[in-house]
2 protein chains.
Amino acid sequence: MRIIVDAMGGDNAPEAPVRGAMKAARELGVDITLVGRREEIGKYLDGAGRVVTITDAREVITMEDDPSTATRRKKDSSMAVALTMLKSGEGDAVVSAGSTGALLTGATLIVKRVRGIRRAALAPVLPAGEHGVVLIDCGANVECTPEYLLQFAFMGSFYAKNILGCENPKVGLLSNGTEPTKGAELQKEAFKLLQEASVEGRINFIGNIEGNDVMSGKADVAVTDGFTGNVFLKASEGMIKFAMGKLKGVFYKSTKNKLAAAALKGDFMEMKDSLDVNKIGGTALLGISRPVIKAHGSSNEEAIFSAIRQAVAFARAGVIDEIAKNTEYMRLPSEGAVKTEE
Amino acid sequence: MRIIVDAMGGDNAPEAPVRGAMKAARELGVDITLVGRREEIGKYLDGAGRVVTITDAREVITMEDDPSTATRRKKDSSMAVALTMLKSGEGDAVVSAGSTGALLTGATLIVKRVRGIRRAALAPVLPAGEHGVVLIDCGANVECTPEYLLQFAFMGSFYAKNILGCENPKVGLLSNGTEPTKGAELQKEAFKLLQEASVEGRINFIGNIEGNDVMSGKADVAVTDGFTGNVFLKASEGMIKFAMGKLKGVFYKSTKNKLAAAALKGDFMEMKDSLDVNKIGGTALLGISRPVIKAHGSSNEEAIFSAIRQAVAFARAGVIDEIAKNTEYMRLPSEGAVKTEE
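Residues numbered from 1 in each chain as written. Chains lettered and ligands numbered in written order. Predicted model: local features only at pLDDT ≥ 70, side-chain atom pairs only at ≥ 80, totals over all residues. Heavy atoms only, no water.

As named in an unreviewed UniProt entry, chain A is Phosphate acyltransferase, taken from Candidatus Scatomorpha intestinavium. Within the UniProt record for chain A, the comment given under Sequence similarities (unreviewed entry) is "Belongs to the PlsX family." The UniProt entry for chain A carries this comment under Catalytic activity (unreviewed entry): "a fatty acyl-[ACP] + phosphate = an acyl phosphate + holo-[ACP]". (UniProt positions renumbered as here; feature names shortened; annotations may be inferred.)

A.B. asks: Looking at this model, I keep getting lost on the relation of the copies chain B and chain A. Mind explaining?
C.D. replies: Each copy superposes on the other: chain B lies on chain A with an RMSD of 0.0 Å after a rotation of 180° and an axial shift of 0.0 Å. One copy is carried onto the other by what is essentially a two-fold rotation axis. Minimal C-alpha distance to the rotation axis in chain B is attained by Ala 260 of chain B, lying at 2.2 Å. Looking at the interface residues of chain B, 100% of them are also at the interface in chain A, so both copies use one shared face. (Least-squares fit on C-alpha atoms with pLDDT ≥ 70 in both. Contact = heavy atoms within 4.5 Å.)

A.B. asks: Can you help me understand the packing of aromatic side chains in this one?
C.D. replies: All names here are of chain A. Following the criterion strictly, the structure yields eight aromatic pairs over all chains and no others. Geometrically, the ring pair formed by Phe 251 and Phe 268 is edge-to-face, given 5.1 Å between the ring centres and 80° between the ring planes. Of this pair, Phe 251 sits in helix 9 (residues 226-251) while Phe 268 sits in helix 10 (residues 255-275), and the two are 17 residues apart along the sequence. Judged by relative accessible area, which is 9%, Phe 251 ranks as buried. (Phe/Tyr/Trp six-rings, centres within 6.5 Å; stacked < 30°, edge-to-face > 60°. Helix = DSSP H or I, 4+ residues; strand = E, 2+ residues; numbered from the N terminus. Buried < 20%, exposed > 50% of the residue type's maximum accessible area, 1.4 Å probe, protein only.)

A.B. asks: Just checking my understanding: could you explain unusual backbone geometry for this structure?
C.D. replies: The bulk of non-glycine residues show a negative phi, and the bulk of peptide bonds are trans. That bond from Ala 13 of chain A to Pro 14 of chain A is cis: its omega, 0°, falls within 30 degrees of zero. Turning to its location among the elements, Pro 14 of chain A is positioned in the loop between strand 1 (2-6) and helix 1 (15-28). Geometrically, the link from Ile 136 of chain A to Asp 137 of chain A is a cis peptide bond, its omega value of 0° lying close to zero. With respect to the helices, strands and loops of the structure, Asp 137 of chain A is situated in the loop between strand 7 (133-136) and helix 6 (146-162). Backbone geometry at Lys 112 of chain A places phi at a positive 80°, although glycine is not the residue there. Mapped onto the fold, Lys 112 of chain A is located in the loop between helix 5 (100-111) and strand 5 (121-123). At Asn 168 of chain B, a residue that is not glycine, the phi angle is positive and equals roughly 45°.

A.B. asks: Explain the pattern of salt bridges to me, please; I cannot follow it from the model alone.
C.D. replies: Close approach of charged atoms allows side chains with opposite charge to pair. One pass over the full model with this rule turns up 32 salt bridges over all chains. Across the pair Glu 147 of chain A and Arg 118 of chain A runs a salt bridge whose closest N-O atoms are separated by 2.3 Å. Taken as a pair, Glu 147 of chain A in helix 6 and Arg 118 of chain A in the loop between helix 5 and strand 5 lie far apart in primary sequence, 29 residues in all. A single burial state applies to Glu 147 of chain A and to Arg 118 of chain A, both of which are buried. A salt bridge links Asp 267 of chain A to Lys 253 of chain B; its shortest N-O distance comes to 2.8 Å. Of this pair, Asp 267 of chain A sits in helix 10 while Lys 253 of chain B is found in the loop between helix 9 (226-251) and helix 10 (255-275), placing the two residues in two different chains. A cluster of three or more residues bridged by salt bridges with shared partners is formed by Glu 39, Asp 56 and Arg 58 of chain A. (Salt bridge = Lys/Arg side-chain N within 4 Å of Asp/Glu carboxyl O.)

This is the structure in structure tokens:
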């Protein structure tokens, strides 16, 4: 197993990607290819031995680059080179903390989507429920069709089953109420498609779920368009930050409180970390034909390590195969692309 | 000042509305009309004196009633009677903890919208920033046009100014990124309209805001469609509940922690209440020609009291007048309804 790491992506590159990759090489027993400026990577490489190799790439995609053209214009960027290596079989997965938009476009153009999948989706796993909850899509596709949501439901379901170990994952459609009549046209149409797929036994659709049902673990997979998913995720992030600020106010309110807070500090910080959406690890780009994991832009060594571990699990599991085998059930006949033996 | 209270609306009716109204009569010096079944209301009335009167209404709108027809079919319901009294000037505002959908439809059909306003919107005030943040719309209108969002921006802005005491309120458009190009078609088109209104000096548009910007108080008014607003609010609610559950885990983890938690209990519970979206008081129905306040369905006496206080402020302030005076700036010429002197 070889994981290709974009050493130049993210706010803390190249130090965090390099150190996180070395840790993964040591602790997970995987081979690593670091892609980026050799001399800059070299500064942080110490005693990693033969399992870490470097592929030199001179350019870096920054947040200022236009995501839709970045990997095409900067063919010698660490991200484009990493994706090209994945495409040509020189590794089993790519991990990058670089621009989400550029990685999405690059993965779609270079590595390509699974045949039959219309759009790749960002599918972070939220720390809720028994196994975690897959939120799909959370930002890749702002305008969606009901068919996209159907595909997200299948892909999220396969991910929850194969990676999170969730048997028969419960799929919920994020809406503004639980009744089937709730939602805009998109949700109403998607509801019907998800219900049909559920009747056929291909997914386990539990109906509409509301915003407060996601973190309660009512569903294992929460399906939504990228606009709503993005607002959902950032609303949650904002509320946590707000609540933690208020809590800090309580902790510092009086000497009595300060003493009590000191006793709680260790456990509290641990809990706070568990709620930090920046620390939920990498986000899978589902629908791409090989495993690509987006690590958070602000990833430190630990976060990169965790994203690599996730990439290993992704590469080992049969998610992409299962997606590829089932695309015929994820397409609308009206779109003229269904080919079956019947 | 007379506030008309739907005594039969909400999970804790009629006790909570009656007791909350009596408290408001005593402490706020306002006259109250309680609408509902006289004998049931009578059970909880004690010593309220002349300031509380009862208007008998025999029917009750329940959560099982179809919201779109409830106030028409149940003309003798407490909600329909309360709204009819408001329309005919027998009071200055209505407060109801009954079905949101029925109240919206009822207010629109009976009390009517401000002339020129296309849709009424739900505008809760979130406990963020210096003055609170108005989130508009948060569930009334699932499918919106850019023009609706323009109207929400004006209405939210007038509310923030007149009720929250916020000078020149900053208006943000909720999107999936801060750049003007972010969002679906709806947001992109609305962005242009809001920008034009801002250039003309009619609102203070600060551009797109993201989900995590709302609770940070970046804007005083967060404008969005009802679908996204609903998901936003419920996502926030769900995340708070999740975080508080985790925190409880920390508090109970060990004897040391339990002792520390005991010392923090009072201040902690107070903070927890301040984050409870169910306790943020009433939600104004903006765009209706007279003040209507929706109290949360689970309102207790205190929450009803707080909604009545809000109704008093709403009725005293010039929000509705200001909306009515400015409708010509909130309409798109293409929709053929703008009448100006020019």
